[in-house]
Amino acid sequence: MTDQHKEQAIEVVKNICHVLHEKRYEDLPSCVDKMEWDNTEEIRECIQGTLEINDFDVFDEYGVPCSFKPQYEYHHEVMFFEYKDGSGFAVDYELTSGGDLTYLTLQLEFLYENGGLKRIFHTIDPE
């Protein structure tokens, strides 16, 4: 995985976080090449339900500092996991709201394809 691949993946995470922040769930498919969880109404219901149950308003934009204490236990950054077969890599990003952890993780896959990356929305997974 090159630095350029990492930058491209982070840009996708930023775009998805922006869509989530603005609650435009129907725009999620425009951020990636493929949605493994493609029912955006189901995504909206799941995400809105989780936000409401936990008294969160909206997800933060990418890079908003996390107020989680103790700070050393949490690093607000994209986590990369290279596939051993060299086909690509996975990305996890822990979502926050108001600087607090929501205990939901954005999970994406990036596959090497035709000299570029195929961007795949895997899921938003409870921790």
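Numbering of residues starts from 1 in each chain and follows the order in which that chain's sequence is written. Reporting of local features is limited, given that this is a predicted model, to residues whose pLDDT is at least 70; pairs of side-chain atoms are given and counted only at 80 or more, and all residues count toward the totals for whole chains, interfaces and linings. Hydrogen atoms and water are omitted, and side-chain values are computed over all heavy atoms in the structure.

Peer 1: I'd like to hear about unusual backbone geometry, residue by residue, with values.
Peer 2: A positive phi angle, close to 60°, is found at Asp-55, a residue other than glycine. Only runs of H or I of at least four residues qualify as helices and only runs of E of at least two qualify as strands under DSSP, and these elements are numbered from the N terminus. In this structure, Asp-55 sits in the loop between helix 2 (40-53) and strand 2 (79-82). Despite not being glycine, Asn-114 shows a phi value in the positive range, around 50°. Tracing the chain through its elements places Asn-114 in the loop between strand 4 (100-113) and strand 5 (116-126).

Peer 1: A description of the pairing of strand 3 (residues 88-97) should follow, citing residues and the corresponding values.
Peer 2: The element strand 3 is largely enclosed, with a buried count of 10 among its 10 residues. Here strand 3 shows a buried face lined by Gly-88, Ala-90, Asp-92, Glu-94 and Thr-96 and a second buried face lined by Phe-89, Val-91, Tyr-93, Leu-95 and Ser-97. Both strand 2 and strand 3 contribute to a ladder of four bridges, which runs antiparallel. In the strand pairing of strand 3, Glu-82 is matched with Phe-89. Here the rule is simple: two strands pair whenever DSSP picks up at least two bridges between them. The hairpin formed by strand 2 and strand 3 contains five residues between the paired strands, and Gly-86 there has a positive phi angle of roughly 75°. Note: strand 3 against strand 4, nine bridges, orientation antiparallel. Across the sheet, Gly-88 pairs through a bridge with Leu-111, a residue of strand 4. Connecting strand 3 to the antiparallel partner strand 4 that follows it, the hairpin turn spans two residues, and Gly-98 within it adopts a positive phi of roughly 60°. Each residue is assigned to one of three classes by its accessible area relative to the maximum for its type, calculated with a 1.4 Å probe on protein chains only: buried under 20%, partly exposed between the two thresholds, exposed over 50%.

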